[in-house]
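# Per-entry structural report
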Amino acid sequence: MDITKQNFLEQLPSIREAIQNATFFAMDCEFTGLASDRTIFPFDTPEEVYLKMVENSPPYIIVQFGLCAFRVEPPGEEEEEEEKKDGQPRVSYQCYNFYCYPKGRTNVFSCQGESMRFLADNGFDFNRLFREGLSYANETEEQRYRADLKDRQATRAANILAAAESDLTEEEPKVGEVNDVNMIPVPPEHQQQVDDTAASIEEFLQSDRQELIVGSCNAFQRKLIYQMIEQRYQRKVSTSTVSLENNQKAIKVERKRSTEEEQALDEQRRTRENDDLETNVGLSLVLQELAKARKLIIGHNMLLDLFYVLRQFFKPLPADYQEFKKLTKEYFPLLLDTKYLCTNAEIKVNVNSSVLAHVYDAVSKAPFSIPTVHPELPDYQYSVDDEKKHEAGYDAYLTGLCFLGLVSKFKANLLQLPKDPNLKHYLNRIFITRLTDVNYIYLNGKEPTQTREHIFYATFPETWRTGDIQNKFKPFGPVHVSWLDNTSAFVALHNRSAASSVLKMIGYHSGFKVYNFAQFTQMKLQRPGAKRGRNGSSSASPGEDPGVRSAQPVNQRPSGEEKGQKEGKKIERPQTITTAAKRKGTDEATPPTNEADKDATAAKDDEHENDEDNGGGWRTVKKARKTFTDNNDW
């Protein structure tokens, strides 16, 4: 179901009920841009990745939030015969697709041209977003909104009581009497309008009309008119602000109401204001309800989703990595990333690609099985036969189906998912694309530390290919090459015991330089703008000499220009032969030599790169860092 500001208040109670009754959730987001990973290297630590994301992430926002609430119940008498025979629990779902757009002139956000074009090419309704998108507020903004409204309502109530007491004790003020030391002087160019309005009120009081509408005023002019009415007619008329058909504000003038009538009218106004406040806080109310539920939330490659959700709806992201973990668990204590679940050795045998659509294709057949899921809102259901790719609600639904298929491999108890012994190893581990060894953030504790003495950073002529690099390292056994750009790469030795001999024995070649990982770390710190994390994220790994420095300058700075953390799942289904799919047969051992080759090589699916890295064997992977050629490469 699409949720906009038009139906939000009407649907909010049922959304809250769906969250309270759900067993687990799946979520997905669409953004105005993807955080750049060009500063992330294959052997960065998870902490370094997080700190780089915080430092380098522009203020992109979520413009569509998908939430699918799955409810699991034991089979009952009313269940279908097949379900009763198998003894399988009944799974149902409610799915919501929220359009999200900030309200007010002070809200500013960034857009990435390629991301916006990608959404447009996939049918995103920007008109609906801009006109009907739900507003939102982080915790600080919401507290301010509520405090301001409370003060305004209290002041108004006090004024009503004060006016009632004044009617009993004071004489009517004379026309033109100044009773407000803070009165705004009327500029000469507005005096005629104020006088005309006063004359209209005098005429109204002599007539039988029920009300007078004073329009065609801007905010300042309305303030002057209110001031005049307060001075001259406070005991004769009552006023209120109304909206005309063209959405312009106007002043409604009525004969003086009694105190009881004023209080009743004020109560109606309070109700409208409270509803407006709920609309202004908007989507944040749903995220707050989701956080209070403290139930399992599923995402696919969900680091950016989590990153943006926390920043946009709750609090600014902390600069400290451990504080980020603490903040995340405070709101979402149970998370599971299906992309990281796909790294399980038993699952990888049958799931060759961790792209979301490919995962669904894999788990749709043996040895996996997806239980039948029943829509609780039949008029608002999704179907894989009617694909709505890159709609956040549909992607959340598909993520939930993939999760159900994946856990069928473990025969997990769907009624007790957080307690399943197999899933316990994947809870609160958030997958990080691009990393070679420790490729996840572990929210429950420290990630394992990895020694780096077998990793070398090499720079070389642009004409070199993977074979040239392998030949230089041939005396030290098989190697794994991770390209950074056309003139630099990381080289990892399979035979770690040979690491101590590399710098002593590596052959000389013009333009070819080799540094151990400790030297590379020092070079990173020496670059302009390089920052060390509060917890020493840029320090050398155990077993490395942090004092070693490069004896010679680096000719080429390593860079990585692949785009985005979430791009791996933004890809067409396999039955559509995409540009990226056509290129899977290209020679990965050959770096690009011209712009066309660079673009073609950059289109390789990052999901497959990570599959190969985690496969247990050593393979040489060429990873060019250039922009994608078309949307299919996402």
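Residues numbered from 1 in each chain as written. Predicted model: local features only at pLDDT ≥ 70, side-chain atom pairs only at ≥ 80, totals over all residues. Heavy atoms only, no water.

Looking now at the sheet that holds strand β14 (residues 479-485). The sheet built from four strands is open, its strands ordered β14-β15-β13-β16 with antiparallel pairing. Every interior strand has two partners, whereas the edge strands, β14 and β16 (513-516), have only one. For this sheet, the mean angle separating the axes of adjacent strands, direction not counted, is 25°. Here strand β13 (residues 455-459) runs beside strand β15 (residues 488-493); their pairing, made up of five bridges, is antiparallel. (Pairing = 2+ DSSP bridges. Helix = DSSP H or I, 4+ residues; strand = E, 2+ residues; numbered from the N terminus. Axes fitted to C-alpha atoms, helices over the stretch in contact; angles between N-to-C directions.)

Counting residues in each nonpolar core, the largest one holds 70 residues, and the members touching the most others are Phe65, Phe98 and Phe332. Ranked by residues supplied to this core, first place goes to helix α11 (residues 303-313) with eight residues. Non-local contacts of Phe332, meaning those with residues more than four positions away in its chain, are made with Leu287, Leu290, Ala291, Ile297, Leu306, Val309, Leu310 and Phe314. The next biggest cluster of nonpolar side chains, apart from the first, holds 45 residues, and it includes Leu341, Tyr394, Cys402 and Val407. (Core = buried A, V, L, I, M, F, W, Y, C linked by side-chain atoms within 4.5 Å. Buried < 20%, exposed > 50% of the residue type's maximum accessible area, 1.4 Å probe, protein only. Contact = heavy atoms within 4.5 Å.)

Those residues of helix α12 (residues 321-331) not exposed but buried are Tyr321, Phe324, Lys325, Leu327, Thr328 and Tyr331. Taken around the axis of α12, the buried residues stretch over an arc of 165°, which confines them to a single face. Backbone nitrogen of Gln322 and a side-chain oxygen of the N-cap are separated by 3.0 Å at the start of α12; the cap is Asp320. (Arc of directions from axis to C-beta. Polar contact = N/O pair within 3.5 Å; in protein donor to acceptor, adjacent residues only side chain to side chain.)

Summed over all chains, the structure comprises 39 aromatic pairs. Both rings, one in Tyr340 and one in Tyr426, keep their centres 5.6 Å apart while their planes meet at 55°; by these two values the pair is tilted. Of the two residues, Tyr340 is situated in helix α13 (residues 338-341) and Tyr426 in the loop between α16 (392-407) and β11 (429-431); the sequence distance between them amounts to 86 residues. In terms of burial, Tyr340 and Tyr426 fall into one category: buried. Taken together, the aromatic side chains of Phe24, Phe70, Tyr93, Tyr382, Tyr394, Tyr397 and Phe403 make up a single cluster linked through ring pairs. Between the NZ or CZ atom of Arg255 and the centre of the ring of Phe204, over which it lies, the distance is 4.6 Å. Positioned above the aromatic ring of Phe368 is the side chain of Lys409, whose terminal nitrogen or guanidinium carbon lies 5.9 Å from the ring centre. (Phe/Tyr/Trp six-rings, centres within 6.5 Å; stacked < 30°, edge-to-face > 60°. Lys NZ or Arg CZ within 6 Å of the ring centre and 35° of its normal.)

For a regular strand, the rule is simple: side chains alternate between the two faces of the sheet. Both strand β6 (residues 237-243) and strand β7 (residues 249-255) contribute to a ladder of seven bridges, which runs antiparallel. If you follow Val237 over to β7, its bridge partner there is Arg255.

What follows deals with the pattern of salt bridges. Counted under the stated rule, the structure contains 14 salt bridges. When the shortest N-O distance is used, the salt bridge between Arg146 and Glu142 registers 3.0 Å. You can see Arg146 and its partner Glu142 sitting in helix α6 (residues 139-169), four residues apart, about one turn around the helix. Judged by its relative accessible area of 33%, Arg146 is partly exposed. The residue Arg452 makes a salt bridge to Asp437 at a minimum N-O spacing of 2.9 Å. Linking Arg452 in the loop between β12 (440-442) and β13 with Asp437 in the loop between β11 and β12, this pair joins segments that are 15 residues apart in sequence. Residue classification places Arg452 among the buried positions, given a relative accessible area of 3%. On the basis of relative accessibility, which here comes to 26%, the residue Asp437 falls in the partly exposed class. Overlapping salt bridges, with partners in common, bring together Asp2, Arg128 and Glu132 in one network. (Salt bridge = Lys/Arg side-chain N within 4 Å of Asp/Glu carboxyl O.)

Note: most residues except glycine have negative phi, and most peptide bonds are trans. Cis geometry marks the peptide bond from Ala366 to Pro367; its omega dihedral reads 10°. Secondary-structure assignment places Pro367 in the loop between α15 (356-363) and β10 (373-375). In this model, Lys411 sits at a positive phi of 55°, which is unusual for a non-glycine residue. With respect to the helices, strands and loops of the structure, Lys411 is situated in the loop between α16 and β11.

Okay, helix α9 (residues 259-281) next. Taking 1.5 Å of rise per residue, the 23 residues of α9 would be expected to cover 33 Å, and the 32 Å separating its terminal C-alpha atoms lies within 8% of that figure. Glu262, Asp266, Glu273, Leu277, Glu278 and Val281 are the residues of α9 that are buried. Gly282 sits one or two residues past α9 and shows a positive phi near 55°. (Expected span 1.5 Å × (residues − 1).)

The subject of this paragraph is the environment of Val281. The topology assignment puts Val281 in helix α9. Classification of Val281 by relative accessible area gives buried; the value is 0%. Not counting the four nearest positions on each side in its chain, Val281 is found in contact with Ser135, Tyr136, Ala137, Glu142, Tyr145, Arg146 and Gln288.

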